Amino acid sequence: MGLLILFGIFVIGVAAGVPVAFVLGIAALVGFLYEGVNPAVAFQQMTAGMSIFSLLAIPFFIFAGEIMLHGGIARRLVALASACVGWMRGGLGMVDVSTSMLFGGISGSAVADTSATGTILIPAMKAKGYGVDYAVSLTVTSSIAGILIPPSHNMILYSLAAGGGISVSALFIAGIVPGIMMCLFLGIAAYVVAVRRGYPAEAFQGFRHLLCTMVDAIPGLFTAFIILGGVLSGVFTVTESAAFGAIWAVLVTLLVYRNLSWADFKVAVAASVRTTAVVFLLVGTATAFAYLLALYQFADILTRGMLAISDNPIVILLLINLALLFLGCVMDMAALILITTPIFLPVVTAIGMDPVQFGMVMMMNLGLGLTTPPVGAVLFVGCAIGRIPIEAVMRTIWPFYGAILVALMLTTYWPAMSLTLPRWLLDYGAG
């Protein structure tokens, strides 16, 4: 009965359009009252969930992404990608995918990626005769790279939701190959669609231009080097790397590129504070909600139920993928990570999947949900920039969804895709 009350309030609240963070808190509070537990325990759980030191990396990553969005780094990354791959058929589509890999590896945010690259590339593609639906579809789907290619604050949330026993460094490194592979498949899909529609190729501007754009982009790209290099070398923790990365982003945009005005800085700070407040409120209420799920042993119940359906790992993983894809369509990513990790992680570990690999599966699944209606935040941002109805984009976005699903299946059923780099670079799983 307690589980029915907990999930009943949650489902009704979400269906009524109440923000997920408030729904989680209300459901948890009612659950504690039903069990006769002092309501103060709910607030203690919320406070404990938000007081974890490693969560400090999240506001730093968010702030660094906002600074780069407003400080000129995105424009230079677009120029570098254009110089590298713009000469191909449908060259601006290739530029879009390449820029998402570069910017995603710095900002760690799909929404920031779409905002930064979309405002530059979607109008440019429209001016060159590309279909607006093509430009928006490719921009929003390739932005998922920001969730997979490190750094990614969503991976920090996953580690927290898993109980803190999963190395954030291992998660960061594990996302590199799946993220690049997904972008390669998106590039192939973009090329095929561009050829079918007869989109043009840009003229190659020469190696001198390529070298100049590369040199111009290096200070911005060095942000990713500071974050990843600091973590891999052991010089910095993840939180310290995030802080130094944010400081470097401010220095580069202010002193090197000189594109960061005082007004832009205030906008970046305000946006970072809003996003951080939402994330931490979600963390707190989801911690209280997860406490009740553990009290009711819901993970054990689900594990036994799924194993009763089938003991074949292929079938179980397929069912979990379908569940995550569906949930990603109707709920926010951060909330789903915090809610579903304690539910599904015991199931996948019971069938032998590594938690780091499952983290990559979850990131790609829920990232895809950001690009699907009815609550796909990234899709809404892309359509707003392109000034095109969501319905028009949905009619032609399917080749790009297909590319992501191919990468998702490889990530799900081929452990080496996620685990090889962490084992090489961090000795993850050794012994």
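Remember, it's a predicted structure, so these values are computed and weren't measured experimentally.

J.: Before we move on, can you summarise the nonpolar core with the specific residues and values?
T.: Ranked by size, the top nonpolar core spans 120 residues in total, and within it Tyr134, Met182 and Phe358 carry the most contacts. Methionine 182 has contacts with Thr141, Ile144, Ala145, Leu148, Met364, Ile404 and Ala407, leaving out every residue within four places of it along the chain. Within the second largest apolar cluster, 19 residues are counted, among which are Phe63, Ala64, Ala74 and Ala249.

J.: Would you mind going over the pattern of salt bridges in detail, with residue names and values included?
T.: Going through the model one piece at a time under the given rule, you end up with two salt bridges. Arginine 76 serves as the salt-bridge partner of aspartate 216, at 3.3 Å between the closest nitrogen and oxygen. Of the two residues, aspartate 216 is situated in helix H13 (residues 207-233) and arginine 76 in helix H5 (residues 73-85); the sequence distance between them amounts to 140 residues. Arginine 197 serves as the salt-bridge partner of aspartate 133, at 3.0 Å between the closest nitrogen and oxygen. You can see aspartate 133 sitting in helix H8 (residues 132-142) and its partner arginine 197 sitting in helix H12 (residues 176-197), a full 64 residues away along the chain. On the accessibility criterion, arginine 197 (35% relative accessible area) is partly exposed.

J.: An account of the side chain of serine 137 is requested, with residue identities and associated values reported.
T.: Relative to the elements of secondary structure, serine 137 occurs in helix H8. The exposure class assigned to serine 137 is buried, which follows from its relative accessible area of 0%. Polar contacts involving the side chain of serine 137 include one to the main-chain carbonyl oxygen of aspartate 133, which spans 2.7 Å. Setting aside anything within four residues of it in sequence, one finds serine 137 in contact with Val393, Thr396, Ile397 and Phe400.

J.: Got a sec to walk through helix H2 (residues 20-34)? Specific residues and values, please.
T.: The terminal C-alpha atoms of H2, which comprises 15 residues, lie 21 Å apart, in line with the 21 Å expected from a rise of 1.5 Å per residue. Here H2 has its buried residues at Val20, Ala21, Val23, Leu24, Ala27, Ala28, Gly31 and Phe32. Buried residues of H2 fall within an arc of 165° about the axis and therefore sit on the same side. Residues of H2 that are buried make contact with helix H1 (2-15), helix H3 (40-50), helix H15 (262-295) and helix H18 (333-350).

J.: How would you explain the confidence of the model for the protein if you had to name every residue and give the values?
T.: In regions of low pLDDT, the predicted coordinates are not meant to be interpreted in detail. In the predicted model, the protein carries a mean pLDDT of 83, and the fraction of residues at 70 or more is 96%. The secondary structure element of the protein with the lowest average pLDDT is helix H16 (residues 298-309), at 75, and the one with the highest is helix H22 (residues 398-413), at 95.

J.: Could you give an account of the packing of H15 against H18, naming the residues involved and the relevant values?
T.: Orientation of H15 relative to H18, taken along the N-to-C sense of each, is 20°, at an axis distance of 10 Å. One finds that H15 runs roughly parallel with respect to H18. Relative to H18, the crossing made by H15 is right-handed. Note on element contacts: H18 touches H15 through Ala334, Ala335, Leu338, Ile339, Pro342 and Ile343, opposite Leu282, Val283, Ala286, Phe289, Ala290 and Leu293. Each residue belonging to the contact of H15 with H18 can be placed in one class, and the counts come to 12 nonpolar, no polar and no charged.

Quick notes on the rules
Residues numbered from 1 in each chain as written. Predicted model: local features only at pLDDT ≥ 70, side-chain atom pairs only at ≥ 80, totals over all residues. Heavy atoms only, no water. Core = buried A, V, L, I, M, F, W, Y, C linked by side-chain atoms within 4.5 Å. Buried < 20%, exposed > 50% of the residue type's maximum accessible area, 1.4 Å probe, protein only. Contact = heavy atoms within 4.5 Å. Salt bridge = Lys/Arg side-chain N within 4 Å of Asp/Glu carboxyl O. Helix = DSSP H or I, 4+ residues; strand = E, 2+ residues; numbered from the N terminus. Polar contact = N/O pair within 3.5 Å; in protein donor to acceptor, adjacent residues only side chain to side chain. Expected span 1.5 Å × (residues − 1). Arc of directions from axis to C-beta. pLDDT = per-residue confidence, 0-100. Axes fitted to C-alpha atoms, helices over the stretch in contact; angles between N-to-C directions. Parallel < 35°, antiparallel > 145°, perpendicular 65-115°, else oblique. Left-handed = near helix turned anticlockwise from the far one by under 90°. Nonpolar A, V, L, I, M, F, W, Y, C, P; charged D, E, K, R; others polar.

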